[in-house]
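Breakdown of the fold
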Amino acid sequence: IFFRVYFFSSCVTAMLQIQESLEEGLSLTYGVKKVLHETTSEFQTVSVLDTVPFGKCLIIDGLMQSSDVDERIYHECLVHPAMLVHPNPKSVYIGGAGEGSTVREVLKHNTVEKCVMVDIDGDVVRFCRDVLPQNAQAFNDSRLELIIDCAKKQLLQAETKFDIIIMDLDDPLEGGPCYQLYTKEFYTECMNKLNPGGILVTQCSSAGVKNHSMVFTPVHNTLKQVFPKVMAYAAHVYSFADTWGFNLALPDANFQLPSAEKVDELIAARGLGDLFFLDGESFHGVFSLPKFLRKSMGAETRVLGDGHYAKFVGGGETVAEKGC
């Protein structure tokens with residue numbers, strides 16, 4: 001994946017634009033009104049841009065991370081299904097998620113007593129805390145313990161266990177250490193760090209019609225080797241130009257989703273307020289996967305670990321490769 005900024009000139013306008021390669025032969029180009037903030041850390045380059053189609057966007061190493069128009073879709077889907085199906089989530093561990101939106105959604109739950117967030121890049125965390133006002137309250141919440149370190153190392157060294165583990169990490173690149181946080185071995189360690197009844201959720205990259213078998217289906221099958229119940233779900237994220245996948249790993253093989261009415265009751269009881277995307281109806285919608293995706297999940301045999309890798313669109317070095 002590459003990042004290119006250039007000026008598009010015509011007799012009428014000159015507009016700063018970004019072109020992001022999604023795959024061979026397919027690129028996404030969008031106009032930029034203004035570069036609002038930029039910084040370069042030890043690990044990566046971070047920008048906040050005011051864009052024409054997406055509003056304010058967080059860009060890391062030239063890749064879209066989140067945008068005003070739809071970041072709540074991604075973060076509500078990542079966080080709330082796991083939190084809502086747990087009867088009383090008090091302790092939460094977040095791996096990655098330096099921008100603060102994941103912890104913002106976690107701390108909306110009035111049951112949470114402690115949330116540990118671990119991200120390796122302190123410069124980016126500080127940058128996001130300073131320039132993303134929507135997450136300022138979460139960063140200042142007394143229930144948050146923020147650690148700048150490797151998410152895997154901190155989880156394995158943790159003296160306490162957690163009700164919820166949320167992995168909001170880079171996609172796995174072949175052979176890189178971030179890949180190690182998507183393996184059967186790591187998921188086994190995660191299960192051992194969960195309290196009884198604890199739940200793991202991880203983002204799993206594209207769940208779209210073309211690229212779902214690169215990361216989404218092998219991660220789903222890998223989790224099935226460790227947890228008694230794994231439920232995949234997905235939602236379209238406009239700024240990612242694709243449907244995005246998640247996997248929920250649970251300790252009860254007989255678990256069934258709560259009814260839409262029950263989900264709405266839980267949202268109200270937890271004090272989540274008026275969420276942007278998720279309610280009882282859309283909760284069930286994200287778990288209603290299309291036929292081609294269910295078929296691919298059923299046919300998947302790869303188990304990540306012991307030399308078996310996910311194939312990820314793109315290239316380059318992840319933050320985890322440099323720091324863990």
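Residues numbered from 1 in each chain as written. Predicted model: local features only at pLDDT ≥ 70, side-chain atom pairs only at ≥ 80, totals over all residues. Heavy atoms only, no water.

**Remarks on the overall build of the chain**
We count it as follows: In this description a helix means any DSSP run of H or I spanning at least four residues, a strand means any run of E spanning at least two, and both kinds are numbered starting from the N terminus. Relative accessibility decides the category of a residue: with a 1.4 Å probe and only protein chains considered, values under 20% of the type maximum give buried, values over 50% give exposed, and everything between is partly exposed. Any two residues whose heavy atoms approach within 4.5 Å at even a single point are treated as in contact. Method for areas: the Shrake-Rupley scheme with a 1.4 Å probe, in which residue coverage is limited to the protein chains shown.
In terms of regular secondary structure, the chain is built from eleven helices and 13 strands. Residues classed as buried in the chain amount to 55% of the 324 residues present. For the chain, contacts bridging at least 24 residues in sequence account for 65% of all contacts bridging at least 6. When the accessible area of the chain is evaluated, it comes to approximately 14100 Å², of which 49% is carbon and sulfur surface.

**Re helix α1 (residues 71–85)**
Convention followed: By definition here, a helix of n residues has an expected span of 1.5 Å times n minus one. In this analysis the local bend is the angle between axes fitted, respectively, to the seven residues ending at and the seven residues starting at the residue.
The end-to-end C-alpha distance of α1, which contains 15 residues, comes to 22 Å, matching closely the 21 Å that a straight helix rising 1.5 Å per residue would cover. In α1, a bend of some 30° at C77 exceeds every other bend along the element, and P81, a proline, comes one to four places later. Counting buried positions along α1 yields 14 of 15 residues, so the element is predominantly enclosed.

**With respect to helix α7 (residues 216–224)**
Among the nine residues that make up α7, eight are buried, leaving the element largely enclosed by the rest of the structure. Every buried residue of α7 is accounted for by F216, T217, P218, V219, H220, N221, T222 and L223. Each element contacted by the buried residues of α7 is listed here: α6 (184–192), β11 (194–206), β12 (229–237), β13 (242–250) and α10 (291–299).

**Details of the packing of aromatic side chains**
Rule in force here: Stacked, tilted and edge-to-face pairs are distinguished by plane angle, under 30 degrees for stacked and over 60 for edge-to-face with tilted covering the rest, among Phe, Tyr and Trp rings (Trp via its six-membered ring) whose centres lie within 6.5 Å. Only Lys NZ and Arg CZ are tested; either one counts as a charge over a ring when it is within 6 Å of the ring centre and within 35 degrees of the ring normal.
The tally for this structure, following the rule as stated, stands at ten aromatic pairs. Judged by centre distance (6.2 Å) and plane angle (50°), the ring pair of F186 and Y187 falls under tilted. Of the two residues, F186 and Y187, neither departs from the other in class, the shared state being buried. A network of ring pairs unites the aromatic residues Y74, Y233, F240, W244, F246, F283 and F287 as a single cluster. Across the ring face of F276, the terminal group of R72 is positioned such that the distance to the ring centre comes to 4.0 Å.

**Regarding the sheet that holds strand β7 (residues 91–96)**
Operational definition: DSSP-based pairing: two strands are paired if at least 2 bridges between them are found. Comment: axis = line fitted to C-alpha atoms, over the contacting stretch for helices; angle = value between 0 and 180 degrees taken between N-to-C directions.
The strand order across the open sheet built from seven strands is β9-β8-β7-β10-β11-β13-β12, with neighbouring strands paired in mixed fashion. Each having just a single partner strand, β9 (144–148) and β12 make up the two edges of the open sheet. Neighbour-to-neighbour, the strand axes of the sheet open up by a mean angle of 15°, direction not taken into account. In this structure, β7 lies alongside strand β8 (residues 114–119), joined through five bridges in parallel fashion. Within β8, the position partnered with V92 by the bridge is C115. The sheet contacts of α1 involve β7, β10 (162–168), β11, β12 and β13, and relative to β10 the element is tilted by about 160°.

**Details of the pattern of salt bridges**
To keep it simple, the criterion reads: Note on definitions: salt bridges are taken to be side-chain nitrogens of Lys or Arg within 4 Å of carboxyl oxygens of Asp or Glu.
Under the defined criterion, the tally for this structure stands at nine salt bridges. Of the charged contacts in the structure, one is a salt bridge between R143 and D141, with a shortest N-O distance of 2.9 Å. Residues participating in the shared-partner salt-bridge network are E71, R104, E105 and K108.

**A closer look at the nonpolar core**
For the record, the criterion: Definition of nonpolar core: a set of buried residues of the types Ala, Val, Leu, Ile, Met, Phe, Trp, Tyr and Cys, connected through side-chain atoms within 4.5 Å.
Within the largest apolar cluster, 54 residues are counted, with the highest numbers of intra-cluster contacts made by V92, I94, V106, C115, I166 and L248. The leading source of residues in this core is α1, at nine residues. Among all residues touching L248, those that are not within four sequence positions of it are A82, V85, I199, L200, V201, K229, V230, M231, Y233 and F287. Core analysis: the next-biggest nonpolar cluster, separate from the first, contains 36 residues, A151, V215, V219 and V230 among them.

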